[in-house]
Amino acid sequence: MKKLLVVLMVALLAVALVACGGNDDTTPKTETTTDPTVTTTTPGADETTKAPDADETTKAPDADETTAPTTTEEFAGYDMINEIMCVNQWTTDPELVFCTFENTHGDINFNVAVVFIMNDYDGIYQDLFYTETNPDGSFNTAVWEANDTYRWVFTVDGKEFECDGFSLFNNGSSGYVRASLGEKFSFDDYEYDEENTHVYEVSLKIYNDENEVEYFANFTEFGGMYHKKPAKVEMVVDTDRPTDLERVPFNQVTPISGPAAGDGEGYEKLFDNDPRSKLCKNANGIENAVTLSFASAQNIAGVSLVNGNDNEAYTSRTVLAFDIYVSEDGQNWGDPVVSFTGLDADGVALDKALYNKNYAENYFDFGKTLTGVTNVMVVINNGEHYQISELIFWQG
């Protein structure tokens, strides 16, 4: 595949010991594992983290040290594996594996995506994705655009799938790339063992506008990607919620305002009846409130906040502190009618680990019934990043 193969492999192994122990507090854990009991997940699109330190990556080889990969097909191009960190920190896989699968991103229609972490060497990340800087020179992590002169083709267990979109966790000069395999890819087309796992072989070719391979990567060059087939995503019901309550259906709810509309993880996702999507923001306080109206007046006795796909991995994102306001006209709100502080009766913070199960419903009883409610404002007081997949009101 390259000159000095032995040297590079040793370098990669050394890097893995550093990079795979790195902090992955920005993208969900995945469901890729050699231990089928380990299930994890993915972060929000607006989440930011610092780019990997230079000493956590391998230096790309000089151009004259790059030759064709060790496959039966010969082609030119640059081996992107030099720009990609191993993903062992997401898995228990002892091998060097450089990608994983996720199907939790609403902005690519929850298609299965190949996910990998790109470093910031040689400007390849910014060749593939146009990014912007702020006036102070820092990266605007919320703004990016895929370079459409390139065509991405993944090969999964010998079958090709052309990428039809991206969900990017952008750090400006590096980031987490989530490349959609499209609607034709399904885990059901692959044979999983009795432990519900399958070992995938995954590679990528990126073609330029002359249909030549500009970049390539064999993500499983040093070992197959172990993957546990995910179960169907459903809300985990809170058994403490009274059974005599009736849910206000989402077709009776009109979202009015909230954090970051239209970016894939905005407030609209709270009311789409799909726990796979979510509101995921660092947007607390009344200036970032979620407002909504009901089609007709409701008598509300409580509300459920449903966790997202990776609250187990990111316990701090589980919301236990918030205020509820009501209004007749949707303009004048007055004081909160119900408040939850996240503290117990003794003023001690509740243990979020007791409430952080992925997709779990956390029901909050108002202790009274709010009658004739037409407009509601919910103010999140988590104090840091948070995520909620569904916001459900219950009639008393």
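Keep in mind that this is a model prediction, so the values were computed, not measured.

## Concerning the overall build of the protein
Right, on to step 1. A tally of helices and strands in the protein yields 2 helices and 23 strands.
Right, on to step 2. Buried residues in the protein amount to 54% of all 396 residues.
Right, on to step 3. Put simply, 73% of the contacts in the protein that link residues at least 6 apart link residues at least 24 apart.
Right, on to step 4. Approximately 17,700 Å² of the protein is accessible, and the part contributed by carbon and sulfur atoms is 48%.

## A word on the pairing of strand β8 (residues 159-162)
Right, on to step 1. Where strand β7 (residues 151-156) and β8 come together, 4 bridges link them in antiparallel fashion. Along β8, the bridge assignment pairs T155 with E160.
Right, on to step 2. Hairpin remark: β7 followed by β8, antiparallel, with 2 residues in the connecting loop; positive phi at D157, about 50°.

## A closer look at the sheet that holds β8
Right, on to step 1. The strand order across the open sheet built from 5 strands is β1-β13-β12-β7-β8, with neighbouring strands paired in mixed fashion. Looking along the sheet, the strands with just one partner apiece sit at the ends: β1 (78-79) and β8.
Right, on to step 2. Two elements, β1 and strand β13 (residues 213-218), share 2 bridges in a ladder whose sense is parallel. By the bridge assignment, Y78 is partnered in β13 with Y215.

## A few points about unusual backbone geometry
Right, on to step 1. One non-glycine residue, N196, adopts positive backbone phi at about 65°.
Right, on to step 2. You can see N196 is positioned in the loop between β10 (175-180) and β11 (197-200).

## Points about the environment of V248
Right, on to step 1. Here V248 is to be found in the loop between β15 (246-247) and β16 (253-257).
Right, on to step 2. When the C-alpha positions of V248 and I392 are compared, they lie 7.1 Å apart, and in sequence the two are 144 residues distant.
Right, on to step 3. What V248 contacts, discounting residues up to four positions off in sequence, is V253, F294, Q298, I300, F393 and Q395.

## A short note on the side chain of D238
Right, on to step 1. Looking at the element boundaries, D238 is found in the loop between β14 (225-228) and β15.
Right, on to step 2. In this structure, D238 is buried with no salt-bridge partner, the nearest side chain bearing the opposite charge being R241 at 6.8 Å.
Right, on to step 3. In this structure the side chain of D238 is engaged in a polar contact, spanning 2.8 Å, whose partner is the backbone nitrogen of Y363.
Right, on to step 4. Ignoring sequence-local partners within four residues, the contact set of D238 consists of E361, N362 and Y363.

## Overview of the side chain of S277
Right, on to step 1. Mapped onto the fold, S277 is located in the loop between β16 and β17 (279-281).
Right, on to step 2. Overall, S277 belongs to the buried group, its relative accessible area being 3%.
Right, on to step 3. In this structure the side chain of S277 is engaged in a polar contact, spanning 2.4 Å, whose partner is the side chain of D272.
Right, on to step 4. A distance of 3.0 Å separates a polar atom in the side chain of S277 from the backbone oxygen of D274.

## Describing the nonpolar core
Right, on to step 1. Among the nonpolar cores identified, the biggest contains 42 residues, and F101 and W152 are the most heavily contacted of them.
Right, on to step 2. Mapped by element, the contributors of at least two residues to this core are β4 (113-118), α2 (124-128), β7, β9 (166-170), β10, β12 (202-207) and β13.
Right, on to step 3. With residues up to four places along the chain from it excluded, the contact list for W152 reads F116, L128, F129, F161, E162, C163, F166, V177, A179, L204, K205 and I206.
Right, on to step 4. The next biggest cluster of nonpolar side chains, apart from the first, holds 36 residues, and it includes I324, V376, Y386 and I388.

## Re the pairing of strand β21 (residues 361-380)
Right, on to step 1. Inspection of the sheet shows strand β18 (residues 290-306) paired to β21 by 11 bridges, in the antiparallel sense. Note that in β21 the partner of S304 across the bridge is Y363.
Right, on to step 2. When strand β19 (residues 321-327) meets β21, the two strands line up antiparallel, connected through 6 bridges. For V326, the partnering residue across the bridge sits in β21 and is V376.

What counts and what doesn't
Residues numbered from 1 in each chain as written. Predicted model: local features only at pLDDT ≥ 70, side-chain atom pairs only at ≥ 80, totals over all residues. Heavy atoms only, no water. Helix = DSSP H or I, 4+ residues; strand = E, 2+ residues; numbered from the N terminus. Buried < 20%, exposed > 50% of the residue type's maximum accessible area, 1.4 Å probe, protein only. Contact = heavy atoms within 4.5 Å. Areas by Shrake-Rupley, 256 points an atom, 1.4 Å probe, with all protein chains shown as cover. Pairing = 2+ DSSP bridges. Lys, Arg positive; Asp, Glu negative; His and termini not counted. Salt bridge = Lys/Arg side-chain N within 4 Å of Asp/Glu carboxyl O. Polar contact = N/O pair within 3.5 Å; in protein donor to acceptor, adjacent residues only side chain to side chain. Core = buried A, V, L, I, M, F, W, Y, C linked by side-chain atoms within 4.5 Å.

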